[in-house]
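# Examination of the molecular architecture
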Amino acid sequence: MTVKTTRLAALVLPIAALAGLSGAVQAEEWTPTRNIEFIAPANPGGGWDTLVRTTSRVIQEEGLAERSFAAINVPGGGGAVAWAQIARDSGNPHKLFATSPPIILVPLAGTSRYDHTDFTPIARLITDYSIVLVPADSEYQDLNDLFAALEADPGLSVGGGSAPGSMDHISIAGLASAAGLNAAEVNYIPFSGGGEAMTSLMGGHVEAVITGAGEAAGQLGEGSQLRALGVSSPERMGGPLAEVPTYQEQGIDYTFDIWRGVMGTPDMPAEAVAYYEELFARMLETDGWQQARDQLGWLDAYQDSEAFGEFLDAQQAQFSGVLGELGLLGD
């Protein structure tokens, strides 16, 4: 190489590097150009709906984004109806949805053709727990009373806000097994979201309900039509759920975590993923979020896109074994 050529290369390389840096800066500076559709794949009142509306409100009140997050409910199939719609919108950076264990469980049970690998992980946000509810005037004073009744009369029903083989069903089946019952014989009645399940309970259509503790927190307290028998956390929760005993306190050695997070459309652009990762990380640091989180009894459990994706893969392997043991694994 001649001296002249060497000098030219020395000049070109920094320019190329600057061009690459410019592209990186542009990617980092991506922002939404219209309002974001933030989908809860269930009816209002459930865990997905609560997460969507809480995060949307905090983001707006804290001034974290120039565009609004529009909460949209798309119920049906334990999430499968919404997932089918979202899957058709590949690459759209303006559409997000709330997610939790059903994104793993429903496909494993064979009731959705889409699973977590069809979408883009954005961030895991929180951990919630399961809670067992009965009417305020119920004869059951604790979980052991309830399971004694279920054992004596298998026709008694327990409602939940997710499809058969999905989160609430797995949660109550595991609890029943730990209490000494045949988990496969629990008469589980699915509803399209925890809100609908609690409404049905208050109407006397089911004996008890299992749902997310966070979504039930606002329904409990003085004058409530509902009463909590137990919560799946390893220790008692705070806030309005502080008086609810854990399963373990009642002699049933069982806990169940309900993680919740956000996913995007298939093949969402990397710069959009980075924008949302950073947005939700900042949101968790705000006073508004921390107040809402504590009121709902949630625990922060943030993971970025990469870590969340690896976590989802691990969950799929774990839940596949659980569903297989219960005879609920789909073809």
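All of the points below concern the structure found in this document. (Residues numbered from 1 in each chain as written. Predicted model: local features only at pLDDT ≥ 70, side-chain atom pairs only at ≥ 80, totals over all residues. Heavy atoms only, no water.)

### Points about unusual backbone geometry
Threshold: Every helix listed is a DSSP run of H or I at least four residues long, and every strand listed is a run of E at least two residues long, numbered separately from the N terminus. Note on classification: 1.4 Å probe, protein chains only; a residue is buried when its accessible area is under 20% of the maximum for its type, exposed when over 50%, partly exposed between these limits.
The backbone of Asp267 shows a phi angle near 55 degrees, a positive value even though the residue is not glycine. By secondary structure assignment, the location of Asp267 is in the loop between strand E9 (257-264) and helix H9 (270-284). With relative accessibility at 65%, the residue Asp267 sits in the exposed group.

### Brief notes about the packing of aromatic side chains
How two aromatic rings sit relative to each other is set out by the distance from centre to centre and by the angle between their planes. Which entries qualify depends on this criterion: Between 30 and 60 degrees the pair is tilted, below 30 it is stacked and above 60 it is edge-to-face, where a pair is any two Phe, Tyr or Trp rings, Trp via its six-membered ring, whose centres lie within 6.5 Å. Counted as over-ring charges are cases with an Arg CZ or a Lys NZ within 6 Å of the ring centre that also lie within 35 degrees of the ring normal.
Under the counting rule described, the total for this entry stands at 14 aromatic pairs. Ring plane angle 50 degrees and centroid distance 6.4 Å describe the contact between Tyr114 and Phe119, whose orientation is recorded as tilted. Grouping residues by exposure puts Tyr114 and Phe119 together as buried. Members of the aromatic cluster, joined through ring pairs, are Trp30, Phe38, Phe69, Tyr275, Tyr276 and Phe280. The side chain of Arg124 reaches across the aromatic face of Phe311, ending 4.6 Å from its centre.

### Points about the nonpolar core
Quick reminder of the rule: What makes a nonpolar core is a set of buried Ala, Val, Leu, Ile, Met, Phe, Trp, Tyr and Cys residues whose side-chain atoms join them at distances within 4.5 Å.
Ranked by size, the top nonpolar core spans 80 residues in total, and within it Leu96, Tyr276 and Phe280 carry the most contacts. When residues in this core are grouped by element, the largest group, 8 residues, is from H9.

### Some remarks on helix H3 (residues 80-87)
Short version of the rule: Note that the arc is computed from the directions linking the helix axis to the C-beta atoms. Whether two residues are in contact is decided by their heavy atoms, any of which lying within 4.5 Å being enough.
Where H3 is concerned, the buried positions are Ala80, Ala82, Trp83, Ile86 and Ala87. Buried residues of H3 fall within an arc of 160 degrees about the axis and therefore sit on the same side. Packing partners of the buried residues in H3 comprise strand E1 (36-40), helix H2 (47-61), strand E3 (95-99) and helix H4 (102-108).

### A word on the environment of Ala82
Inspection of the secondary structure assignment puts Ala82 in helix H3. Assessed through its relative accessible area of 1%, Ala82 is described here as buried. If we skip the residues at most four places from it in the chain, Ala82 touches Ile39, Pro41 and Val74.

### What to know about the pairing of strand E6 (residues 187-190)
Counted only if it meets this: Two strands pair under a simple rule: DSSP has to find at least two bridges between them. A crossover counts as right-handed when, viewed with the strands pointing away from the observer, the path leading from the first strand over the helix to the second turns clockwise.
For strand E5 (residues 157-160) and E6, the ladder comprises 4 bridges, and the chain directions are parallel. In the sheet register, Ser157 faces E6, and the bridge partner there is Asn187. Following the chain from E5 across helix H6 (residues 167-178) to the adjacent parallel E6, one finds a crossover that is right-handed.

### A closer look at the packing of H2 against helix H10 (residues 287-296)
Definition in use: Simply put, an axis is a line fit to the C-alpha atoms, just over the touching stretch for a helix, and the angle between two N-to-C directions goes from 0 to 180 degrees. An angle below 35 degrees is read as roughly parallel, one above 145 as roughly antiparallel, one from 65 to 115 as roughly perpendicular, and any other as oblique. Helix crossings fall into two classes, left-handed where the near helix is turned counterclockwise from the far one by less than a right angle and right-handed where it is turned clockwise. In this classification, Asp, Glu, Lys and Arg are treated as charged, Ala, Val, Leu, Ile, Met, Phe, Trp, Tyr, Cys and Pro as nonpolar, and every other residue, Gly included, as polar.
One can describe the packing of H2 onto H10 by two numbers: an axis separation of 9 Å at closest approach and a directional angle of 155 degrees. Looking at the two axes, H2 sits roughly antiparallel to H10. In the packing of H2 onto H10, the handedness of the crossing is right-handed. Contacts between H2 and H10 involve Thr50, Thr54, Thr55, Arg57 and Val58 from the first element and Gly288, Trp289, Ala292 and Leu296 from the second. Tallied by class, the residues present in the contact of H2 with H10 amount to 4 nonpolar, 4 polar and 1 charged.

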